[in-house]
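Structural overview
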Amino acid sequence: MAYAAPIQPTAPTGLSPQENEALQASIFQRLHPRAYLERFLAEGFRPDGRTLEGWRDVSVNTGSISTADGSALVRLGNTTVVCGVKAEIAEPELDAGNRGFLVPNLDLPAMCSPRFKPGPPADDAQVLSDRLNEALIASNILPLESLCIQPNKSVWVLYVDATCINYDGNAFDATLLAMVAALKNTRLPKTTYDELTKRTICSRKAERIPLDIKRTPVSASFGIFDSNRILSDPTAFEEPLLDTTLTVLLDNSTRELISVSQFGLGSASTDALGSCIQAAKKRWGESKDRIQL
Amino acid sequence: MGSSRPIEISFDGLARVDGSARFGFGDATAALASVSGPIEVRLASELPSQATFDVSVRPLSNVPSTESKSQASSIRSALAPSLILNKNPRTLIQLVVQTLSPTPISGPKWTDGLLGAMINASTLALLNAGSVPMRGAVCAIAVGKAQGGELLVDPEEDRTDELVQGGCFAFMVADGARLGSNSTSVWTNWRTLKGGTFNETEIAEAREAARDAVKRVYAAMKSSFLPGGASDPDEEKMET
């Protein structure tokens, strides 16, 4: 062997020196993930080459699912989420006769990452679905009264179903973006309620109507490593090593705050919430034009 | 700033668990928590260098839904910083929280008061068990901001309709001579309730009001353990 490997007693044959180094680095990453991340952060970078406050590229593609009333596909780095909106008609609740329903759901199937097993939705998916529901309610993206067809008789139910097809961390941001894009892409048929037959009739010929979207929320998520390093947009490798998650929800057009949450111990040295809010505003200020849906 | 409701703490003494406690903001918002641990852990959830901390939430009515899972995850992330889990590796600390107040079925729900009560009940149950070393006591309180700009700490159920912003704040509080400010924020959730927006000074204001109010919660917790004002030399409760 021309190249002597200092760590391993026997080096694998048939690999070039560069491949050998890369193999040793990935073994180190698997066996000691925390130390691996610490070494990178000490240099001011993260394993994928970004700076601590760097963001991954986002791409949004709408309207690709023709059988859904609205759809969107979002890629946030390697995290890929598909979202479809299906509308159904239902009777409203007794005490809210003129409000429709918005039912968001995120599914993390076994296909997207080895950490999710097949079977009923795991805790991660349930918690994320609930947080997304709260985010959509807090942002008041769609007044539920606009989904009313006939008060106390017939309303729209919008099922916003998102599926992650590749999980590389930060599913919340990607899914919120996908849901908002899908809702903006949604077109509902023109409907009338017939009092005589007590049925709701949808028109096939008339032009479909878009939803009354009042606000476009966007989110920025962060994690805190070792109580003092704030990492923005964590990947699937970094996520299990972070003790704290912070999420900031903003209005896309005015960049004002809709919701701020911090789960876990804050930073020991700085005001983590304050600096995350600044970073979130900066992030969505720059790429505001790119996310025109 | 509005005044908060009287705090009610009792230790029911559930028979089959290591520790239990009941916490209520008045009698409208209350929760019961029980702690068992360190106990035997399932092989699948065993961790080699620390104890597994598992939280479940049971609502008052209905089977547990995704909302209960989300509340359990929130309670877990609020309490985890206060527990020293590496003293008991390969064991399980199981916390079960039962809500004792109903949540409204439809319409916008204000559950932050209940979440605060659940976190406080959990801390008390862990202290009551005394079997898990802790860095501090996590105390939580809900804060809301009404239309006119009035900050309401621990708003009553019938005033929650007037709120335009609101959220729950949890702090880890520890007594110690060398600590400058003895409370650290461990959980925050602040959002608009009626589709408006807010700015950073408003959330900073609310957080400081909550930090101040949490002192009252902490004092109530302490006095529930030290009857008659006698000092109790139980060192395993607080470690600085």
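Numbering of residues starts from 1 in every chain and runs along the sequence as written. Lettering of chains starts at A and numbering of ligands starts at 1, both following the order in which they are written. Local features are withheld for residues below a pLDDT of 70 in this predicted model, meaning they are given only at 70 or higher, and side-chain atom pairs are given and counted only at 80 or more; totals for whole chains, interfaces and linings count all residues. Based on all heavy atoms of the structure, the side-chain values leave hydrogens and waters out of the count.

1. Digging into the UniProt feature "domain: Exoribonuclease phosphorolytic" (unreviewed entry) in chain A
UniProt positions are given in the numbering used here, feature names are shortened, and annotations may be inferred rather than shown by experiment. Sequence positions flagged by UniProt for "domain: Exoribonuclease phosphorolytic" (unreviewed entry) are, in local numbering, residues 56–189 and 217–283 of chain A. Comment: elements are numbered from the N terminus, with helices defined as DSSP H or I runs of at least four residues and strands as E runs of at least two. With 24% helix and 37% strand, residues 56–189 of chain A has end C-alpha atoms that lie 37 Å from one another.

2. Re the sheet that holds strand S14 (residues 257–263) of chain A
Being paired, for any two strands, means DSSP has found at least two bridges between them. The sheet built from eight strands is open, its strands ordered S12(A)-S11(A)-S13(A)-S14(A)-S9(B)-S8(B)-S6(B)-S7(B) with antiparallel pairing. In this open sheet, the two strands that pair with only one neighbour each are strand S12 (229–232) of chain A together with strand S7 (151–153) of chain B. Here the strands of the sheet are splayed against their neighbours by 20° on average, with no regard to which way each runs. Relative to strand S13 (residues 244–251) of chain A, strand S11 (residues 217–225) of chain A runs antiparallel, the two being bridged by eight bridges. Across the sheet, the residue bridging to Gly223 of chain A is Thr245 of chain A, located in S13 of chain A. Each of strand S6 (137–146), strand S8 (163–173) and strand S9 (183–192) of chain B is contacted by helix H2 (residues 112–129) of chain B, which is oriented at about 170° to S6 of chain B, the strand it contacts most. For helices, the fitted line uses only the C-alpha atoms of the stretch in contact; every axis is such a line through C-alpha atoms, and the angle between N-to-C directions lies from 0 to 180 degrees. Whether two residues touch is decided by their heavy atoms; if any such pair falls within 4.5 Å, the residues are in contact.

3. A short note on the pairing of S14 of chain A
Each residue's exposure class comes from its accessible area (1.4 Å probe, protein chains only) as a fraction of the maximum for that residue type: buried when under 20%, exposed when over 50%, partly exposed otherwise. Burial runs high along S14 of chain A: seven of the seven residues are buried. Bridge count between S13 of chain A and S14 of chain A: six bridges; the pairing is antiparallel. Counted as the bridge partner of Val248 of chain A is Val260 of chain A from S14 of chain A. What sits between S13 of chain A and S14 of chain A in their antiparallel hairpin is a turn of five residues, with Arg255 of chain A showing a positive phi close to 55°. For S14 of chain A and S9 of chain B, the ladder comprises five bridges, and the chain directions are antiparallel.

4. Thoughts on the sheet that holds strand S4 (residues 52–58) of chain B
All names here are of chain B. Within the open sheet, the five strands sit side by side as S1-S2-S3-S5-S4. Their pairing is mixed. Edge strands, defined here as strands with exactly one partner in the open sheet, are strand S1 (7–10) and S4. For this sheet the average axis-to-axis angle between neighbouring strands, irrespective of direction, equals 15°. Sheet topology note: the S1/strand S2 (residues 19–25) ladder contains four bridges and is antiparallel. Its bridge partner lying in S2, Ile7 is registered against Phe25. Contacts from H2 reach S1, S2, strand S3 (29–39), S4 and strand S5 (92–99) within the one sheet, and its direction differs from that of S2 by about 150°. Helix-sheet contacts for helix H3 (residues 200–225) involve S1 and S2, and the interaxial angle to S1 is about 30°.

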